[in-house]
Amino acid sequence: MSKWLPTLRRLGRWFLRKLALAVLTSLLFMLSFTLFQYASWWPALTEDASLEWSGLSSGHTVAELAPTMLEFSVVLACAFLPLFLLTPRPLLLPLFAGLWLWQTYDLDFMTATASTWQPHEIIWSFIQPHTHWLLLTLLPPLLLIRHLGRQLFAATPTVQPEMTLLADRPSGNLRHPPF
């Protein structure tokens, strides 16, 4: 068992770093997606006191819809956590951006509440006017995830390599080779 102990420790540390990156990615998804929803709905408050969000609530103000938007983002972040955990680190940023944009489109499609809308009409009517908010709320989390991934998985120097430990063993025992 002592032969496998360093490997198990490394594997455990790798899993904890992977879990930390997945949880941070999920939290950043929740925060950025909620901020985008708030930012994209804020101009509608100045035009009309009552709003309809995702076809679920009609006649409610933004103050009444804000907890619902946050709750929706929390549900998405929890649902995507296993995906973020299982995805290799190089694919984490495209997955994050793809899920984020897909949920934005899906939410706007639900807001349209009409199956007769074409995809390009939804993009031009709901997403294109808020492109600046989309970029401001999507790019910082992507850069932060990239930075955190590099920091968490940076090459950590080992205290004493295994080969040094094995080289110190006497080589007179032929039944157990040193490597």
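In case you missed it, the structure is sitting above this.
Note that the structure is a prediction, hence the values are computed from the model and not measured.

1. Here's the deal with the overall build of the chain
Looking only at helices and strands, one finds six helices and two strands in the chain. Across the chain, helices and strands are ordered from the amino to the carboxyl terminus as α-β-β-α-α-α-α-α. The proportion of buried residues among the 179 residues of the chain is 30%. Relative to all contacts within the chain whose residues are 6 or more apart in sequence, the contacts with residues 24 or more apart total 67%. Per element, the accessible surface of the chain, about 11800 Å² overall, is 69% carbon and sulfur.

2. Re the nonpolar core
Ranked by size, the top nonpolar core spans 20 residues in total, and within it Phe29, Phe33, Phe80, Phe84, Phe96, Trp100 and Leu138 carry the most contacts. If near-sequence neighbours (up to four positions away) are discounted, phenylalanine 96 is found in contact with Thr25, Leu28, Phe29, Ser32, Phe84, Leu138, Pro141, Leu142 and Ile145.

3. Observations regarding the environment of glutamate 71
Residue placement: glutamate 71 occurs in helix α2 (residues 62-86). Judged by its relative accessible area of 54%, glutamate 71 is exposed. Along the chain, glutamate 71 and threonine 34 lie 37 residues apart, while their C-alpha atoms are 9.0 Å from each other.

Cut-offs applied
Residues numbered from 1 in each chain as written. Predicted model: local features only at pLDDT ≥ 70, side-chain atom pairs only at ≥ 80, totals over all residues. Heavy atoms only, no water. Helix = DSSP H or I, 4+ residues; strand = E, 2+ residues; numbered from the N terminus. Buried < 20%, exposed > 50% of the residue type's maximum accessible area, 1.4 Å probe, protein only. Contact = heavy atoms within 4.5 Å. Areas by Shrake-Rupley, 256 points an atom, 1.4 Å probe, with all protein chains shown as cover. Core = buried A, V, L, I, M, F, W, Y, C linked by side-chain atoms within 4.5 Å.

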